[in-house]
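# Chains, contacts and geometry: an overview
Chain residues, written in single-letter form:
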Amino acid sequence: MKRSPATLALRWSGRVLVAVILLFVLLPGVVVAISAFNDRAILQFPPQSWSLRWFWRAFSYADFAKGFWNGLTVTVWASSIAVVVGSAFAFAIHRYKFALRDFLEGILLSPLIIPHYTVGLGILILASQTGIGRGFPLVIFAHVVMVLPFVMRSTYISLENLDTRLELAASSLGATPLRILFTVTIPLLIPGLLSGWLFAAILSFNEFTATLFVSSQATQTLPVAMYNYVREFADPTLAALSVIYIVVTATLLTIANSFLGLGKILNVDAH
Amino acid sequence: MNTRPFLGWFVSPAGLVAVGLIAAMLAVFQYSVRAYIPGTLEVGGFTWANFEAMLRPLYALAFWNTVLLCFETALFTLLLAYPLAYALTRTNSSALRSFILIVSVTPLFLGEVVRTYSWMIVLGNNGFLNSLLLKLGLLDRPLQMMFTAGGVVAALVHVTMPIMVIMLAAALSHIDRNYEKAAESLGAGPIRIFLTITLPLSMPGIVAGFSTAFAWTFSAFATPQLIGGGRVATVSTLIYQLGFSSFNFPFAASLSIIGLALSLAVIALLKKAASPLERMAGTT
């Protein structure tokens, strides 16, 4: 079919529009990358001289190192707990009807709409009332609550795509439910569970607002340490750290995209 | 034979988490009606004083500002995210698809602090935009963008873009392309096809994306706090100030209750306002 000039013009203006929007999305990242290599402590565009010293400072600043390890501890625990709890629950709501099913689902999905500061404040008040204290278990619990909806969603989508005839076949050959679960269902769900874990881990590592409320000086995670830094100092150390952050995250996502298909996980692929 | 194997084992851990979350929410409710005793973390008896105090202009204004900020952010995010989501689902090049997907999704995983910081560098008086505009001679002195509501909106749009793109792309990818082909074969132009078929059919995604963007913005703290610099008061920054500067947790709790109610009400309203549109598109 021959396209009219008007259609062609529309097509090209659409392309230009998309390019401009992509530029808007990329702009802050590019600007941060430039300023991370700026030698001077004061912001300057374009930088007069270049250096790597802010990267060294980012690595040697004690609060960042501590925040990184704290964050890693919280992230590994929270996303692992969330994967076990969330996928088991997703399995139950996908397969069964039971009392309080919709109620429980609504409660566990609610952190998607409840402001994070409300959840953070609630957990903080609860901790002070019950005398639990602001240790790691509290921060981990807050993170489990935050990432659970994403894990539930990821497992639920995998269950939708699971061929239940395989389970029926195993069952007809005499396998017990427990054996089917461990030899058929869970192995088939592995990609979904892995991507759920990865998403939960990335979200947990970056969670800020609720963590600010529930963490203490001893348990502060990297985003909280970064927030405190930016309030005290104006030098490009945080820019250097942001560059590391962006590179690591983009690399992880590119790997996830090629192995697991990001489009499929995010449900944006055409069917 | 048990027809629901593992039910108890699979539901009870989630039930425990739910109990914890409910307890936390109840704690907020309970604190919101307790009296504040200055200088201590203890709370006094039951009172409505916290909610009455919210009628003062300072707080009423903060609520109004926050709602306005959220609307502006959600609207601009929608306008910018739609073309991206459209390109993402309609392009034939898989390289371009992956590129758009990675570029628009990566910011989702960077966290609010990194993204807000990068906007501080873009918007600051010695920042990227001001330096660029001064060099080009378009300005003769730096334009104040930090500590303004406009700056906060720009950064918040950037923060909410990824989730909006994902939700719109999910809706757009599930539209049956045959409707568009049928309209085309009947002689409809591309703009007419878009306005009468694609746009109405993607309405569920628009509503979901808009309300999520609204809720996220409502919940945002680092961006209004750092870019607003105390000059753009929102519900979240007030709650933090009340909680951690004056340790007035009862008032912070009542603010977050009203904040939660307001955000739920707006989302419910949005869904209601959009349902005639969805019916028109025949998707409900």
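Here the structure is a predicted model, which means the values were calculated and not measured.

Turning our attention to the overall build of chain B. Within chain B, the regular secondary structure consists of 13 helices and two strands. Principal-axis analysis of the C-alpha atoms gives chain B an extent of 80 × 75 × 35 Å. Going through the 284 residues of chain B one by one, you find that 48% of them count as buried. In chain B, once contacts between residues fewer than 6 apart in sequence are set aside, the share between residues at least 24 apart is 71%.

A count of helical and extended segments in chain A gives twelve helices and zero strands. Scanning chain A from its N terminus toward the C terminus, one meets helices and strands in the order α-α-α-α-α-α-α-α-α-α-α-α. In summary, chain A has a C-alpha radius of gyration of 23 Å against a globular reference of 18 Å for 271 residues, an excess of more than 25%. Overall size of chain A, expressed as C-alpha extent along the three principal axes, is 75 × 75 × 30 Å.

Here we take up the confidence of the model for chain B. Mean pLDDT over chain B stands at 85; residues scoring 70 or higher make up 94%. Across the predicted assembly, pTM comes out at 0.86 and ipTM at 0.86.

Another aspect to go through is unusual backbone geometry. Look at L100(A): it is not a glycine, yet its phi comes out positive at around 65°. Examined against the element boundaries, L100(A) turns out to sit in the loop between α3 (62-95) and α4 (101-109). Phi is positive for F147(B), close to 60°, though the residue is something other than glycine. Inspection of the secondary structure assignment puts F147(B) in the loop between α6 (128-135) and α7 (149-173).

Another point: the interface of chain A and chain B. Across the boundary between the two partners, chain A contributes 76 residues, which contact 80 residues of chain B. The biggest single contributor to the side of chain A that touches chain B is helix α1 (residues 5-36) of chain A, with 16 residues. Grouping the amino acids of the side of chain A that touches chain B by side-chain chemistry returns 56 nonpolar, 19 polar and one charged.

Put simply, chain A has an average pLDDT of 87, and 94% of its residues get 70 or more. For chain A, helix α12 (residues 262-265) of chain A is the element with the lowest average pLDDT, namely 64, and α3(A) is the one with the highest, namely 94.

All names here are of chain A. The topology assignment puts S215 in the loop between α9 (209-214) and α10 (222-232). With 46 residues separating them along the chain, S215 and A169 place their C-alpha atoms 49 Å apart. Look past the residues within four positions of S215 in its chain and what remains in contact with it is R134, V139, Q220, T221 and V224.

All names here are of chain A. Where helix α6 (residues 136-160) contacts helix α8 (residues 177-206), the two axes come as close as 9 Å, and the packing angle between them is 155°. As far as their axial angle goes, α8 and α6 are roughly antiparallel. Read as a crossing pair, α6 and α8 show a hand that is right-handed. In this structure, α6 contributes H143, M146, V147, F150, V151, S154, T155, I157 and S158 to the contact, and α8 contributes L189, P191, G192, L193, S195, G196, F199, A200, L203 and S204. Looking at the contact of α6 with α8 residue by residue, the classes come out as eleven nonpolar, eight polar and no charged.

This next bit is on the packing of helix α3 (residues 57-90) of chain B against helix α10 (residues 203-219) of chain B. Residue and element names in this part refer to chain B. Remark: α3 packs on α10, axes separated minimally by 8 Å, with the N-to-C direction vectors making an angle of 135°. Our classification of the angle between α3 and α10 gives oblique. For α3 against α10, the interelement crossing comes out right-handed. Here T66, L69, C70, T73, A74, T77, L78 and A81 of α3 come into contact with α10, specifically with I206, G209, F210, A213, F214, T217 and F218. Residue composition of the contact of α3 with α10, grouped by class: ten nonpolar, five polar and no charged.

Time to look at the environment of R15(A). All names here are of chain A. Within the element layout of this structure, R15 appears in helix α1. R15 sits in the partly exposed class, given 13 other C-beta atoms within 10 Å. Separated by 31 residues in sequence, R15 and P46 have C-alpha atoms that sit 29 Å apart.

Tracing the backbone through its elements, the reader meets Y61(A) in the loop between α2 (53-60) and α3. By C-beta crowding, Y61(A) is classed as partly exposed, having 17 other C-beta atoms within 10 Å.

The rules behind these values
- Residues numbered from 1 in each chain as written.
- Chains lettered and ligands numbered in written order.
- Predicted model: local features only at pLDDT ≥ 70, side-chain atom pairs only at ≥ 80, totals over all residues.
- Helix = DSSP H or I, 4+ residues; strand = E, 2+ residues; numbered from the N terminus.
- Buried ≥ 20, exposed ≤ 12 C-beta atoms within 10 Å, placed from the backbone.
- Contact = placed C-beta atoms within 7 Å.
- Rg over C-alpha atoms; globule rule 2.2 N^0.38 Å.
- pLDDT = per-residue confidence, 0-100.
- Nonpolar A, V, L, I, M, F, W, Y, C, P; charged D, E, K, R; others polar.
- Axes fitted to C-alpha atoms, helices over the stretch in contact; angles between N-to-C directions.
- Parallel < 35°, antiparallel > 145°, perpendicular 65-115°, else oblique.
- Left-handed = near helix turned anticlockwise from the far one by under 90°.

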